[in-house]
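# Coordinate inspection notes
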Amino acid sequence: MRIALSVLLLLTATAIVAQSPQLGQSADQLHDLAKQARKSGDFSAEANYVCQAARLDAKKYQKKCEKAQEDLQRTLAQFQADLDMGRGKIQRKDYSGAVRDLSKITFGPVNEQARALIVQARIEGGLLPPEQISQLALAAAGTAYERGDFDKAEEMLKRVQSPSMKAAANQFETKINLYRTTMKQADALAQSGDFKGAAEKYQAAATIQPNGPGQPLELARNALDAEAKADEEKARQAALQQPLLQPTQAPADSSQAKGNSEEKIKGILRAAHRDESAGDLKGAQEAYESVLRFDRQQADAASGKTRVLDQMKSTEESIEADLTEGITQFYASKFDAAEESIGKYLQLAGGEHAGAAHFYLGASLLCRMFLADPKSSTSASDFRHQAEDQFALAKQLHYAPLPTAVSPRILAAWTQVGDSK
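Residues numbered from 1 in each chain as written. Predicted model: local features only at pLDDT ≥ 70, side-chain atom pairs only at ≥ 80, totals over all residues. Heavy atoms only, no water.

On to helix α3 (residues 43–56). Along its 14 residues, α3 runs 20 Å from first to last C-alpha, staying within 8% of the 20 Å computed at 1.5 Å per residue. If you check which residues of α3 are buried, you get Phe43, Ala45, Glu46, Ala47, Val50, Cys51, Gln52, Ala53 and Ala54. Its buried side turned inward, α3 meets α2 (27–39) and α4 (58–91). (Helix = DSSP H or I, 4+ residues; strand = E, 2+ residues; numbered from the N terminus. Expected span 1.5 Å × (residues − 1). Buried < 20%, exposed > 50% of the residue type's maximum accessible area, 1.4 Å probe, protein only. Contact = heavy atoms within 4.5 Å.)

As enumerated under the stated definition, the model contains 12 aromatic pairs in all. Between phenylalanine 359 and tyrosine 399, the ring centres sit 5.6 Å apart and the planes meet at 40°, which makes this aromatic pair tilted. One end of the pair, phenylalanine 359, is in helix α16 (residues 354–371); the other, tyrosine 399, is in the loop between α17 (377–396) and α18 (408–416), and 40 residues separate them in sequence. What links up through ring pairs into an aromatic cluster is the set Phe330, Phe335, Phe359, Tyr360, Phe391, Tyr399 and Trp414. One residue, lysine 395, lies across the ring of tryptophan 414, its end atom 4.9 Å from the ring centre. (Phe/Tyr/Trp six-rings, centres within 6.5 Å; stacked < 30°, edge-to-face > 60°. Lys NZ or Arg CZ within 6 Å of the ring centre and 35° of its normal.)

This part takes up the side chain of glutamate 339. By the element assignment, glutamate 339 lies in helix α15 (residues 335–348). In contact with glutamate 339, other than residues within four places in its own chain, are Leu361, Ser364, Leu365 and Arg368.

On to helix α13 (residues 281–294). Relative to the 20 Å expected for 14 residues at 1.5 Å per residue, α13 spans 21 Å between its end C-alpha atoms, a close match to the ideal helical length. Within α13, burial applies to Leu281, Gly283, Ala284, Gln285, Ala287, Tyr288, Ser290, Val291 and Leu292.

Take the packing of helix α9 (residues 163–191) against helix α10 (residues 195–208) next. Two elements in contact, α9 and α10, have axes separated by 8 Å at closest approach and are oriented at 165°. In terms of axis orientation, α9 runs roughly antiparallel to α10. Two packed elements cross with a definite hand, and for α9 against α10 that hand is left-handed. Between α9 and α10, the contacting residues are Lys175, Leu178, Tyr179, Thr182, Met183, Gln185, Ala186, Asp187, Leu189 and Ala190 on the first element and Phe195, Gly197, Ala198, Lys201, Tyr202, Ala204, Ala205 and Ile208 on the second. Taken together, the residues of the contact of α9 with α10 sort by class into 12 nonpolar, 3 polar and 3 charged. (Axes fitted to C-alpha atoms, helices over the stretch in contact; angles between N-to-C directions. Parallel < 35°, antiparallel > 145°, perpendicular 65-115°, else oblique. Left-handed = near helix turned anticlockwise from the far one by under 90°. Nonpolar A, V, L, I, M, F, W, Y, C, P; charged D, E, K, R; others polar.)

The next point concerns the state of the cysteines. With the rule as written, the count across this model stands at 1 disulfide. The residue that forms a disulfide with cysteine 51 is cysteine 65, at a sulfur-sulfur distance of 2.0 Å. On the sign convention where negative means left-handed, the S-S torsion of about 90° between cysteine 51 and cysteine 65 marks this disulfide as right-handed. Separated by 14 residues along the polypeptide, cysteine 51 in helix α3 and cysteine 65 in helix α4 bring together distant segments of the chain. (Disulfide = S-S within 2.5 Å.)

Right, let's get into the layout of surface pockets. Taken as a whole, the second largest pocket encloses approximately 400 Å³ of empty space. Taken together, 16 residues make up the lining of the second largest pocket; nearest its centre are Ala116, Leu117, Gln120, Thr143 and Arg147. Of all the elements, helix α6 (residues 111–124) adds the most residues to the lining of the second largest pocket, at 6 residues. Within the lining of the second largest pocket, the residues separate by chemical class into 8 nonpolar, 3 polar and 5 charged. (1 Å grid on protein atoms, 1.4 Å probe; cavity = no way out; pocket = protein on both sides within 12 Å on 5 of 7 lines; lining within 4 Å. Points joined across faces, edges and corners; volume = space filled by probe spheres on them.)

Right, let's talk about the environment of proline 130 for a bit. Its place among the elements puts proline 130 in helix α7 (residues 130–146). The spatial distance from the C-alpha of proline 130 to the C-alpha of glutamine 161 is 7.7 Å, given a sequence separation of 31 residues.

Going through the model one piece at a time under the given rule, you end up with 19 salt bridges. One salt bridge connects arginine 74 with aspartate 71, and the closest N-O pair in it is separated by 2.4 Å. Residue arginine 74 and its partner aspartate 71 are located together in helix α4, separated by 3 residues, close to a single helical turn. With relative accessibility at 8%, the residue aspartate 71 sits in the buried group. Bridged by salt links that share partners, the residues Arg38, Glu46, Lys67, Asp71 and Arg74 form one connected network. (Salt bridge = Lys/Arg side-chain N within 4 Å of Asp/Glu carboxyl O.)

In this section: the confidence of the model for the protein. Of all residues in the protein, 81% have pLDDT values of 70 or greater, and the mean over the chain is 79. At the low end of the mean pLDDT range in the protein sits helix α1 (residues 5–17), at 45; at the high end sits helix α5 (residues 95–102), at 92. Note that pLDDT drops below 50 for residues 247–251; the model gives that stretch 4 contacts with residues more than four away or on any other chain. (pLDDT = per-residue confidence, 0-100.)

Before going further, it helps to examine the nonpolar core. The biggest cluster of nonpolar side chains holds 30 residues, and the ones touching the most others in it are Phe330, Phe359, Phe391 and Ile410. Counting only elements with at least two residues in this core, the list comes to α14 (299–331), α15, α16, α17 and α18. With 10 residues, the single largest contributor to this core is α16. With near-sequence residues (within four places) excluded, phenylalanine 330 lies in contact with Phe335, Ala338, Tyr360, Ala363, Ser364, Cys367, Val406 and Ile410. (Core = buried A, V, L, I, M, F, W, Y, C linked by side-chain atoms within 4.5 Å.)

A word on the environment of glutamine 52. Its place among the elements puts glutamine 52 in helix α3. The class of glutamine 52 is buried, set by a relative accessible area of 3%. Placed 10 residues apart in sequence, glutamine 52 and glutamine 62 show a C-alpha to C-alpha distance of 9.4 Å.

Now for the packing of α7 against helix α8 (residues 150–157). At a closest axis distance of 8 Å, the pairing of α7 and α8 adopts a crossing angle of 165°. Taken together, α7 and α8 sit at an angle that is classed as roughly antiparallel. Between α7 and α8 the crossing geometry is left-handed. Residues Ala137, Leu138, Ala140, Ala141, Ala144 and Tyr145 of α7 form the contact with α8, whose participating residues are Phe150, Lys152, Ala153, Met156 and Leu157. When grouped by side-chain class, the residues that make up the contact of α7 with α8 number 10 nonpolar, no polar and 1 charged.

The residue lysine 93 is not glycine, and still its phi comes out positive at about 65°. Note that lysine 93 resides in the loop between α4 and α5. Taking relative accessible area as the criterion, lysine 93 reaches 61% and is therefore assigned exposed. Unlike most non-glycine residues, glutamine 215 shows phi in positive territory, near 55°.

Now the structure itself:
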C-alpha cells in the first residue's frame, strides 16, 4: 500500500531531527566524544555527537549543538573557498600554492575534488620524480576517460613519458580517436535524416565509452525517438485518409467498411505503442482511448490504457520522492542538493504538497544566507529575498510547518513573511 507523502514528510523530518543517541551513552559521554572529534579536526563528527547529547539534555547542550553546527557549516564554506582558490592557482600555474590551499581540505563534500586537484597540481608542476609523474598522469587520464572528460584525459596522456607506460597511454588515445570518429559519423547521419543509422553509430560509440562526450546512449535514444515519431506521423496520416466507421453509421459495403476500420485501428494502435515506448504517456493514453471509443472490447487498447495509467501513477510517485529526498538533503545540510531536488518537484508537479516544497526550498535558501560570506552582502540579500518569496508562496497555499522540525531562526523568518509578499 502506498504511504501518503504527507506522512513521509512528517516521518522524514522527525527521523532526522530526532535521531537516537548512541546506545547506552550519556549526554556527558557524547560531549566528551565531541571534544575528541574537534581536537582531531573532524567538525562533522563533533556536531553529530554534541547534537545527540543535546537530545538527551537540551538545557545543557542545545546551544553547544547550534554552535557546533554553525562551526561545521562555516568550515565547509571555507573548504569551498579553499577549493576555488586552489583551482585558480592551478590555472595561474602556481602549483605549490595550489597544493598548500587544497591540503587544508580534510573532510566534507569537496574533499575528493581537492585530492584530485592536488594530484593534478603535482603532475603539471613537476613536483614529483618523472616516473611517479607518469604513473599519476596515467591514472588521472584513466579517471578522466571513465567520466567522459576526453580533453583532460588527452592532457594527462601527454605527460606520460615513461616507456613502460606508453603502451597503456596509446590504448587510451586509440579509443578516444575511434570514439570521436564514430560520433562524427553518427551526427552526420542524424543531420541527413537517417535516424536508424545514426542510432546504430551512437550505440557503437557507447560500446567504446558510454560516458563519452555528447552522451551517446542519450543521443541513440533521441535518434530512435525521432525515427518512431516519423513512422508515427506516417501512420497517422495514413489512418486519417480512411475515416473510422462509427457504430451508428450504416455502411454501403459492410465488408469493405469493416476492413477499413480494422486497418485504421491497427494504425492508431501502432502509434499508441510508439508513444508509449517514447515515454509520451499522455499521447499513448489518448490513442488507446480513441480506439476504445469505437470498440470497448478491443483487448490491446484496454490493456494498453491500463498499463499507461499505471505507469503515469508510478511516475507521479517518483516525482513525490524528489520532494522527500530534497527534505532529507535539507536536514543533512546539503542545501544545494535540496534546492535541486525540491525545484525538480515543483517544476514537474507542484500539486498537493507544493506548500511544503515552497517552505523547505525557502528554508534551504535561508540557511545559505546564514552561511554566506559576510563580505558578500549582495549574495546574502539575494538568498533572503528568494527565501521570503518561497515562504510567501507556501503561506498562500496554507502550509504550516511543524514547529519542532526547523530551527527557531527559520521559524522567526517564516513568521515575519506576510501571506502576500
